Every structure is written in C-alpha cells, then in structure tokens.
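Read off the chains here:
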Amino acid sequence: AESLWNACLEDYPGEELLVFGAIEFYSERSGPARVLEILHRAHEAEPTNMSFIEALASRLGASGESAEAEELFLAATRDEVNAVQAWFSLARYHEERDETAKARDAMAQGLRLLGEAPATVVAAYVDLLIRAGDYDEAEELLPQFDPSPVMQNMLRGRLFLARGDPAEALEVLDEGLRLWPD
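Structure report, in brief.

Rules used in this analysis
- Residues numbered from 1 in each chain as written.
- Predicted model: local features only at pLDDT ≥ 70, side-chain atom pairs only at ≥ 80, totals over all residues.
- Heavy atoms only, no water.
- Helix = DSSP H or I, 4+ residues; strand = E, 2+ residues; numbered from the N terminus.
- Rg over C-alpha atoms; globule rule 2.2 N^0.38 Å.
- Buried < 20%, exposed > 50% of the residue type's maximum accessible area, 1.4 Å probe, protein only.
- Areas by Shrake-Rupley, 256 points an atom, 1.4 Å probe, with all protein chains shown as cover.
- Lys, Arg positive; Asp, Glu negative; His and termini not counted.
- Charge placed at Lys NZ, Arg CZ, Asp CG, Glu CD.
- Core = buried A, V, L, I, M, F, W, Y, C linked by side-chain atoms within 4.5 Å.
- Contact = heavy atoms within 4.5 Å.
- Salt bridge = Lys/Arg side-chain N within 4 Å of Asp/Glu carboxyl O.
- Phe/Tyr/Trp six-rings, centres within 6.5 Å; stacked < 30°, edge-to-face > 60°.

### Description of the overall build of the protein
Part 1: Per the secondary structure count, the protein includes 11 helices and 0 strands.
Part 2: Compactness check: the protein gives a C-alpha radius of gyration of 21 Å against a globular reference of 16 Å for 182 residues, more than 25% above the reference.
Part 3: The C-alpha extent of the protein, read off along each of the three principal axes, is 65 × 35 × 30 Å.
Part 4: The burial tally for the protein puts 38% of its 182 residues in the buried class.
Part 5: Element-wise, carbon and sulfur atoms account for 52% of the exposed surface of the protein, whose accessible area totals about 10200 Å².
Part 6: Charge-centre separation for the protein: the mean point of 15 positive side chains lies 2 Å from the mean point of 36 negative side chains.

Dropping the structure here:
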C-alpha cells in the first residue's frame with residue numbers, strides 16, 4: 001500500500017483528496033516527518049491552496065515551528081486571492097495557541113480587507129477585543145448590533161463581566177436571553 005501511495009503522491013502532489021488521504025495513512029504509520037514532507041510538497045505544487053497552508057501550518061506549529069507556520073500564513077496574505085481568508089486563518093491559528101493579541105491583530109487585518117463583514121464575524125472580533133482587554137474599542141463596535149439586540153446584549157454582557165461588573169453583566173445577559181429566539 002505504501003508504494004502505491006508514494007507513486008500517486010509523486011504523480012499528483014497537489015491533488016487535495018489524495019494528499020489528505022495519504023496524510024491519514026502515513027499519520028498512523030510513519031509519523032509526523034513523512035506527513036510534513038507530503039504537506040510541503042503539496043504546498044509547493046499548489047502554493048495558493050489554503051487547505052494545504054492551514055494543514056501545514058498546523059503541523060508545523062504542533063512540532064514547535066511556530067515562526068515558519070506564521071510565515072506561511074503571512075505569505076498567503078500577500079496573495080490577492082487568499083488574503084482575507086489567510087488573515088482569518090492566521091487569527092484562528094493564534095487563537096488556538098492562546099495568543100489573543102496576535103489573533104486580534106490578524107482578524108483586524110482580515111476585516112479591513114473584507115470591508116462589509118457579516119455580523120457573526122464582527123461579533124467574533126468584538127469577543128477577541130474583549131479577551132485582549134481592548135474594552136473601549138469593543139464598545140465602539142457594539143452599536144453595529146442595534147438590529148440584533150440579542151447579539152448586542154450578549155456582547156455587552158461579556159464586556160461588563162470583563163470590566164469587573166458582574167451585576168450589570170447579569171442584567172444585560174438576562175435581557176439577551178429573554179430576547180433569544182426559541
């Protein structure tokens with residue numbers, strides 16, 4: 001089976017279905033070095049494929065190569081096709097590593113490029129701002145949620161709680177839950 005996988009990967013190094021099947025196969029047999037090799041080759045074959053970039057960055061980060069993983073995402077941000085997605089992927093990468101300030105900064109770049117963002121994306125950014133301690137900036141964004149008092153109350157409650165006002169947080173969160181659609 002291994003020789004068949006190797007032959008297919010040699011002929012089609014950037015075929016997504018094949019690459020991720022091979023990763024599953026080799027993860028159980030050969031360990032991380034072979035998986036990294038496959039992902040590096042896939043990325044070389046298809047340098048704008050975000051699935052390869054995300055998988056490679058994740059594996060690099062897990063093996064202690066955070067700087068290389070971050071550089072993969074940053075390189076993808078310079079690609080006009082993937083720039084927004086790359087910034088959001090970098091934000092997720094940092095968030096998974098509890099690097100809230102870096103996640104906030106990457107998400108801000110993605111939002112800047114995106115322009116008009118869905119409310120759920122802006123809400124995730126407000127949550128990052130709150131967790132990063134940027135309370136004033138988070139509060140400035142809350143009026144965007146006027147059409148959605150549920151979302152606004154939930155975020156405002158998080159903000160009051162983060163600022164150390166649990167009584168006000170409880171009141172606002174209760175109101176949000178009361179308005180929550182069934």
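### Section: the nonpolar core
Part 1: Within the largest apolar cluster, 47 residues are counted, with the highest numbers of intra-cluster contacts made by Val 19 and Val 126.
Part 2: With residues up to four places along the chain from it excluded, the contact list for Val 19 reads Leu 9, Pro 13, Ile 38, Leu 39, Ala 42 and Phe 52.

### A short note on the side chain of Gln 152
Part 1: Of note, Gln 152 is situated in helix α10 (residues 149-162).
Part 2: Not counting chain neighbours up to four residues away, the residues in contact with Gln 152 comprise Leu 142, Pro 143, Phe 145 and Asp 146.

### Some details on the pattern of salt bridges
Close approach of charged atoms allows side chains of opposite charge to pair.
Part 1: Scanning the entire structure with this criterion turns up 15 salt bridges.
Part 2: Taking the shortest distance from any N to any O, the salt bridge between Arg 158 and Asp 127 comes out at 2.7 Å. In this pair, Arg 158 sits in helix α10 while Asp 127 sits in helix α8 (residues 119-132), placing the two residues 31 residues apart along the sequence.
Part 3: Shared partners join several salt bridges into a network, and the residues in it are Glu 95, Asp 127, Arg 131 and Arg 158.

### A look at the environment of Glu 28
Part 1: When you line up the elements, Glu 28 lands in helix α2 (residues 16-29).
Part 2: Separated by 80 residues in sequence, Glu 28 and Ala 108 place their C-alpha atoms 38 Å apart.

### A look at the packing of aromatic side chains
Part 1: As enumerated under the stated definition, the model contains 4 aromatic pairs in all.
Part 2: The interplanar angle of 55° and the centroid separation of 5.6 Å between the aromatic rings of Phe 73 and Tyr 93 together place this pair among those described as tilted. Of this pair, Phe 73 sits in helix α5 (residues 66-77) while Tyr 93 is found in helix α6 (residues 83-96), placing the two residues 20 residues apart along the sequence.
Part 3: Residue Phe 73 is classed as buried on the basis of its relative accessible area of 2%.
Part 4: Overall, Tyr 93 belongs to the buried group, its relative accessible area being 3%.
Part 5: These aromatic residues form a ring-pair network of at least three members: Trp 5, Phe 25 and Tyr 26.

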